[in-house]
Amino acid sequence: MSAATLDKAPPKAKPRLSPLERSERRLGFILLAPAFLLLAVVVLYPIIELLTTSVRFYHLAQPWMGTPFIGLEHYARALSDERFWESTLNTVLYIVITVPGAVIVGLGLALLANQPFSIKWPVRLGLLLPWALPLVFAGLIFRWFFEYNQGLVNNALGFFGIGPIPWLTNPTFAFAATCIAIVWKTSSFVALVLLAGLQTIPKSLYEAAEIDGAGKWQQFVEITLPMLRPAIVVALIFRTITAIQTFDIPYAMTNGGPGHSTETLAMYIHKTTIDFLDLGYGSALAVLMFIVSVIATTGYLRHTRRDPRKA
Amino acid sequence: MAMALPRFPNKRKMIWLAALIVAANGFLPVLWILLTSVKTETELMRLPITILPAAPTLQNYVRVFTDQPIHLFLWNSFAVAVLSTALCITVSALAAYALVRLRLPAPGLILSVLLAIAMFPLISLVVPLFQTMRSLELLNTWPALILPYAVLSMPVCTMVLVSFFQDIPNDLENAAMIDGCTRVGALWHVVIPLTAPGVFTAAILAFVNCWDEFLLALTLSSRVVKRTLPVGITLYQGEFAFPWPIISAALIVAIVPVSILIAVFQDRVVGGLTSGGMKG
Amino acid sequence: MRKFITFALAGTALALAGASSALAQTQLRIFTGGQQRPDVMRQILEGYMAKNPGVKVEVEVGGATSEQQQQYLNTVLASRDSSLDVVLIDVIRPAQWAAAQWAEPLDSYLGADKDATMARYLPAYREANIVDGKVIALPYFADAQFLYYRKDLFEKYGVQPPKTWAELKDASKKIQDGEKNPNLSLFQTAGAPIEGTVCTYLVPLWQLGGNLTDKNGKLSLSADIAKKPFELWGDLKAAGVLPTNIAEIVTDRMRQNYQAGQLVSTMNWGFVWNRVENDADSQVKGKTGVVPMPAYEAGKSATCIGGWQLAVTAFSKNKAEAVKLIRYLSSPEVSKQQAILASHLPVFPDVYTDADVLKANPWFKDALPVVQTARSRPVTPRYNEVSEIIRTNMNSFLAGTKTADAALADMQSKLGTIFK
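Model, not experiment: these values are computed from the prediction. (Residues numbered from 1 in each chain as written. Chains lettered and ligands numbered in written order. Predicted model: local features only at pLDDT ≥ 70, side-chain atom pairs only at ≥ 80, totals over all residues.)

The subject of this paragraph is the overall build of chain B. When helices and strands are counted, chain B shows 14 helices and zero strands. Of the regular secondary structure in chain B, the N- to C-terminal order runs α-α-α-α-α-α-α-α-α-α-α-α-α-α. The principal-axis extent of the C-alpha atoms belonging to chain B is close to 75 × 70 × 30 Å. Residues counted as buried form 57% of the 280 residues belonging to chain B. In chain B, the proportion of contacts linking residues at least 24 apart, taken out of those at least 6 apart, comes to 76%. (Helix = DSSP H or I, 4+ residues; strand = E, 2+ residues; numbered from the N terminus. Buried ≥ 20, exposed ≤ 12 C-beta atoms within 10 Å, placed from the backbone. Contact = placed C-beta atoms within 7 Å.)

Here it is as structure tokens:
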């Protein structure tokens with residue numbers, strides 16, 4: 001990763017820009033404008049609203065209180081709010097478990113799907129279906145699978161004399177069940193990226209290794225994995241961004257239960273603002289969530305801060 | 001490991017097994033939904049559970065089309081996904097090109113800032129976003145979803161396009177510009193056609209992102225005739241009732257178009273990511 | 001935010017100024033849930049519009065569940081949007097609507113009629129819709145939790161429908177011993193972290209004379225009574241009367257299990273009856289009885305009310321016309337129409353005994369005594385938070401992850417910060 005090479009080009013030896021360069025720069029800004037305009041409307045303006053709301057008391061169910069400025073009170077409240085910490089911990093756990101989980105499962109799927117099949121499309125479709133299935137649907141389907149009596153999983157386990165397991169009513173099992181659903185749904189996208197990566201590895205490398213007498217495992221460790229590294233990094237990054245925002249699957253499967261054991265930060269924010277109508281506190285939580293997501297994606301930002309002009 | 005397969009004498013069988021595992025992983029849940037969609041609710045509650053429907057019925061599919069205007073949900077989903085994909089690709093391509101080719105100061109930083117903003121968890125912006133859309137009088141219109149969805153897919157599209165544009169040799173554009181093309185002309189006539197696989201891949205990624213989205217659609221476009229599929233399907237559920245067979249049938253109706261799309265373009269999706277894209 | 005408010009106010013003022021000189025045609029928009037039979041409402045509105053040619057009413061259909069609808073409405077009303085004139089709200093919402101000042105108080109519109117109008121409704125609905133002395137909404141239709149039981153099985157084993165929890169336990173055991181069917185569940189009530197689970201806690205509490213709050217709105221959960229509901233359900237779960245997976249049971253799953261013939265009795269809402277009797281694949285058609293919920297002592301039953309109310313939004317530009325409309329929709333005439341067309345439980349006691357209504361719904365005669373024992377869930381603007389606290393703790397207890405003491409302590413400390 002060329003993280004340190006950020007912004008070094010163009011070399012600053014030439015302080016003055018030629019007229020051509022200056023007009024190119026102007027054009028550059030013009031071409032960037034639509035993207036930033038879009039971001040301004042959809043993200044920046046709402047973020048400003050969010051920040052100003054987070055330092056005010058603003059509870060829609062108590063309008064007689066007005067919206068007085070209360071400084072950082074909401075932030076202090078969050079730091080001593082058990083549920084905030086519990087949902088933050090859960091979010092972190094979801095990141096730590098489902099991101100590598102999806103990458104490992106995705107890698108396995110990609111390797112399998114990279115076999116020379118005579119008819120490719122059923123395999124590809126099987127590979128890509130979970131990716132194209134909306135998250136909410138995936139959550140609903142897995143809730144049904146993990147049901148205690150009528151669920152497929154317990155019935156299948158029962159066939160082998162195991163269980164029944166209280167998948168959705170025991171905190172540990174519920175967490176495991178939501179993780180399984182998330183990994184199933186998201187490993188598909190990872191596999192897609194990794195499969196693309198696998199196909200860029202020249203066959204000649206393997207042929208050469210074969211001649212050198214390298215075993216298959218050795219080939220995998222010494223050729224496949226290093227060559228796949230960039231694709232794995234990309235997959236990790238995108239998976240992490242979505243993992244921070246985990247919402248739909250636990251929402252559909254357990255609604256955060258039992259207790260708050262599967263509740264994520266995104267769910268808690270949604271609950272606080274949309275259900276409890278505590279916009280002030282909800283906004284502060286959203287700001288904190290943004291901080292968590294910045295921390296979790298710092299590596300990603302460093303990764304992209306390379307100069308895009310250098311291939 | 002896959003690489004170990006060729007050593008086995010029965011290589012064909014192993015390949016079949018590999019195909020089976022991958023296909024089963026994706027298809028089994030969908031197959032289960034398909035089976036559920038032709039069962040009656042009473043059969044579904046039966047213990048021990050049945051796998052194949054005892055008396056298959058298409059009644060659930062009839063209900064799917066008669067209970068709710070699902071054709072409108074499909075149409076809204078498609079229109080919103082296509083339009084927001086077009087918007088996302090356009091702004092991402094312009095920005096990516098500016099960052100890769102034009103002499104911007106600190107392009108790496110600009111890209112990071114752009115991505116950092118676009119990555120802001122939109123879920124936490126639902127209320128301010130609702131107010132913004134309301135003051136723009138866009139609630140319950142396609143643009144209310146098109147705009148945020150374009151942002152949703154911006155990071156992935158920009159990343160893919162940046163890495164594709166990097167692969168186009170500068171000389172080609174220079175040649176075009178000597179022939180009298182402007183910068184934008186060169187982008188349109190030279191760069192985009194050359195990176196078509198990448199653009200296409202980015203488009204599919206963006207399309208599926210929009211197709212997936214639930215929470216914003218629920219809030220910003222709640223009027224029945226303007227709903228997208230994920231939100232529309234929740235309408236089949238009742239205040240208390242959760243009619244699994246009908247919802248399964250609706251899910252199948254929702255899954256089929258995307259499956260066809262993927263089956264048709266599968267080579268493009270994988271191939272596009274292969275050629276230039278996704279470099280570390 | 002402030003800017004929006006100013007805009008909204010300016011908009012309202014302009015609209016009001018315009019209204020005086022406006023044409024005769026008034027356009028009203030009414031919001032209802034997809035499950036509250038919008039088709040029947042449209043039919044009723046056709047009649048209204050025929051009688052009031054100056055008014056045009058449009059129906060907007062919202063999300064499927066009360067929660068989904070309210071989440072949408074929260075966003076709309078938080079922005080002081082004037083596009084909705086009348087909204088159909090769940091019985092648990094009037095206090096929240098009053099506090100948020102989203103509902104136009106109806107007192108001045110009802111004028112001298114106020115007491116007479118309100119007196120005609122079932123007492124629980126009169127109470128639920130009056131918040132701090134002000135009429136916030138008018139009832140549209142009623143609902144309550146009933147004990148549905150398999151009449152055929154109870155008769156087969158010669159047991160009476162249970163009046164007490166002890167009788168329920170004995171009867172269930174007797175049926176289980178006789179049927180010897182491991183897949184037959186005995187009794188179910190909501191246990192998942194959903195709204196219905198709040199009732200699972202409150203019903204036994206009320207039966208013991210307990211209450212969440214006192215007259216001054218302060219938390220009044222006394223330790224001895226407040227723990228009893230936990231003990232009741234814990235005991236029934238230990239005895240195998242409640243299923244092991246009670247903590248994942250949602251409202252409709254009980255109906256589905258019951259309808260498939262795999263559940264002996266259930267505490268459930270009014271919609272179950274129609275499904276059980278009318279669904280083509282129902283296995284228990286004609287085998288179902290409805291009685292009030294069992295209690296600790298016979299005759300001291302209580303249950304949760306449900307049902308839907310009509311509120312006029314504070315941001316409506318046509319409040320007077322909107323009030324006129326809801327007074328019509330909340331009349332005995334419409335209540336009867338709804339009972340016949342949609343089997344909605346009436347909000348007027350007299351309508352239950354109307355011959356036409358009974359012809360369409362013979363079970364309404366059994367329903368009336370139950371509805372009369374029904375009570376309102378706590379009336380508070382922060383009901384959503386209260387509900388969340390109760391249901392999460394009940395759910396944790398039923399899942400076995402919290403003891404009764406821990407769940408109760410958590411409930412008391414958290415509710416204490418709301419009811420202070």
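Don't stop here, the text continues.
Here the focus is the overall build of chain C. Looking only at helices and strands, one finds 21 helices and twelve strands in chain C. Over its C-alpha atoms chain C spans a radius of gyration of 22 Å, differing by no more than 12% from the 22 Å that the globule rule assigns to 420 residues. The principal-axis extent of the C-alpha atoms belonging to chain C is close to 75 × 50 × 35 Å. Counting across all 420 residues of chain C, residues that qualify as buried make up 55%. (Rg over C-alpha atoms; globule rule 2.2 N^0.38 Å.)

With that out of the way, let us pick up the interface of chain C and chain B. Across the boundary between the two partners, chain C contributes 29 residues, which contact 23 residues of chain B. Secondary structure elements with two or more residues in the side of chain C that touches chain B: β2 (55-62), α3 (66-78) and α13 (251-259) of chain C. In terms of residue count, α13(C) provides more of the side of chain C that touches chain B than any other element does, six residues in total. Residues belonging to the side of chain C that touches chain B are distributed by class as follows: eight nonpolar, 16 polar and five charged. (Nonpolar A, V, L, I, M, F, W, Y, C, P; charged D, E, K, R; others polar.)

For the rest of this paragraph, the subject is the domain arrangement of chain C. Residue and element names in this part refer to chain C. On domain assignment, one finds that chain C holds domain 1 (2-143 + 307-369) and domain 2 (145-304 + 378-418). Here the C-alpha centre of domain 2 lies 30 Å away from the C-alpha centre of domain 1. Taken together, the contact pairs 14 residues of domain 1 with eleven residues of domain 2. Contributing elements (two or more residues each) for the side of domain 1 that touches domain 2: α4 (94-99) and α19 (364-372). Grouping the constituent residues of the side of domain 1 that touches domain 2 by class yields nine nonpolar, two polar and three charged. (Domains from an automatic or database assignment.)

The next subject is the interface of chain B and chain A. Taken together, the 87 residues of chain B in the interface contact 98 residues of chain A. Secondary structure elements with two or more residues in the side of chain B that touches chain A: α1 (11-37), α4 (70-101), α5 (107-118), α6 (126-135), α7 (142-152), α8 (154-166), α11 (196-212) and α14 (244-275) of chain B. A per-element tally of the side of chain B that touches chain A places α1(B) first, with 13 residues. Taken together, the residues of the side of chain B that touches chain A sort by class into 69 nonpolar, twelve polar and six charged.

As a further point, take the nonpolar core. Grouped burial of nonpolar side chains is what soluble globular proteins tend to show. Ranked by internal contacts, the top residues of the largest apolar core, which has 318 residues, are A:Leu192 and A:Leu194. Residue contributions to this core reach at least three from each of two domains, namely domain 1 (2-143 + 307-369) and domain 2 (145-304 + 378-418) of chain C. (Core = buried A, V, L, I, M, F, W, Y, C linked by C-beta atoms within 7 Å.)

Helix-helix packing: each pair is described by the crossing angle between the helix axes and the interaxial distance. Residues and elements named next belong to chain C. Direction vectors running N to C along α13 and helix α14 (residues 271-278) enclose 30 degrees, while the axes themselves pass 10 Å from each other. Taken together, α13 and α14 sit at an angle that is classed as roughly parallel. Of the two elements, α13 crosses α14, and the hand of that crossing is right-handed. Packed against α13, whose contacting residues are Arg-255, Tyr-258 and Gln-259, the element α14 presents Val-272, Arg-275 and Val-276 at the interface. Residues of the contact of α13 with α14, tallied by class, amount to three nonpolar, one polar and two charged. (Axes fitted to C-alpha atoms, helices over the stretch in contact; angles between N-to-C directions. Parallel < 35°, antiparallel > 145°, perpendicular 65-115°, else oblique. Left-handed = near helix turned anticlockwise from the far one by under 90°.)

Another aspect to go through is unusual backbone geometry. A positive phi angle is found at A:Asn255, which is not glycine, with a value near 55 degrees. When you line up the elements, A:Asn255 lands in the loop between α10 (248-253) and α11 (265-275). Look at A:Asn255 and you get buried, because 22 C-beta atoms sit within 10 Å. The backbone of C:Arg37 shows a phi angle near 50 degrees, a positive value even though the residue is not glycine. Position of C:Arg37 among the secondary structure elements: in the loop between β1 (26-33) and α2 (38-51). Given 18 C-beta atoms within 10 Å, C:Arg37 falls into the partly exposed group.

All names here are of chain C. Of all ten residues in strand β11 (residues 303-312), ten are buried; the element is thus mostly enclosed. Where strand β3 (residues 86-90) meets β11, five bridges bridge the pair, whose relative direction is antiparallel. If you follow Leu-88 over to β11, its bridge partner there is Leu-310. Alignment of strand β6 (residues 138-144) against β11, held across six bridges, turns out to be antiparallel. Bridging across to β11, Asp-143 finds its partner in Gly-306. (Pairing = 2+ DSSP bridges.)

Where β1(C) meets β2(C), eight bridges bridge the pair, whose relative direction is parallel. The residue of β2(C) that forms the bridge with C:Thr32 is C:Val61.

Here we take up the packing of helix α1 (residues 19-54) of chain A against α7(B). The N-to-C vectors of α1(A) and α7(B) enclose an angle of 105 degrees; their axes lie 10 Å apart at closest approach. Classified by the angle their axes make, α1(A) and α7(B) are roughly perpendicular. Contact with α1(A), carried on its side by A:Leu38, A:Leu39, A:Val41, A:Val42 and A:Val43, involves B:Leu147, B:Pro148, B:Ala150 and B:Val151 of α7(B) and no other residues of that element. Considered class by class, the residues forming the contact of α1(A) with α7(B) number nine nonpolar, no polar and no charged.

Right, let's get into the sheet that holds strand β8 (residues 185-188) of chain C. Residue and element names in this part refer to chain C. An order of β8-β9-β7-β10 is seen for the four strands of this open sheet, with the pairing classed as mixed. Across the chains shown, the open sheet's two edge strands, defined by having one partner strand only, are β8 and β10 (288-291). Each neighbouring strand pair of the sheet contributes to a mean axis angle of 15 degrees, computed without reference to strand direction. Pairing of strand β7 (residues 146-150) with β10 involves four bridges; the strand directions are antiparallel. Each bridged residue has a counterpart across the sheet, and for Tyr-149 the counterpart in β10 is Gly-289.

Okay, the environment of C:Phe348 next. Of note, C:Phe348 is situated in the loop between α16 (332-342) and α17 (349-352). Separated by 225 residues in the primary sequence, C:Phe348 and C:Pro123 place their C-alpha atoms 9.4 Å from one another.

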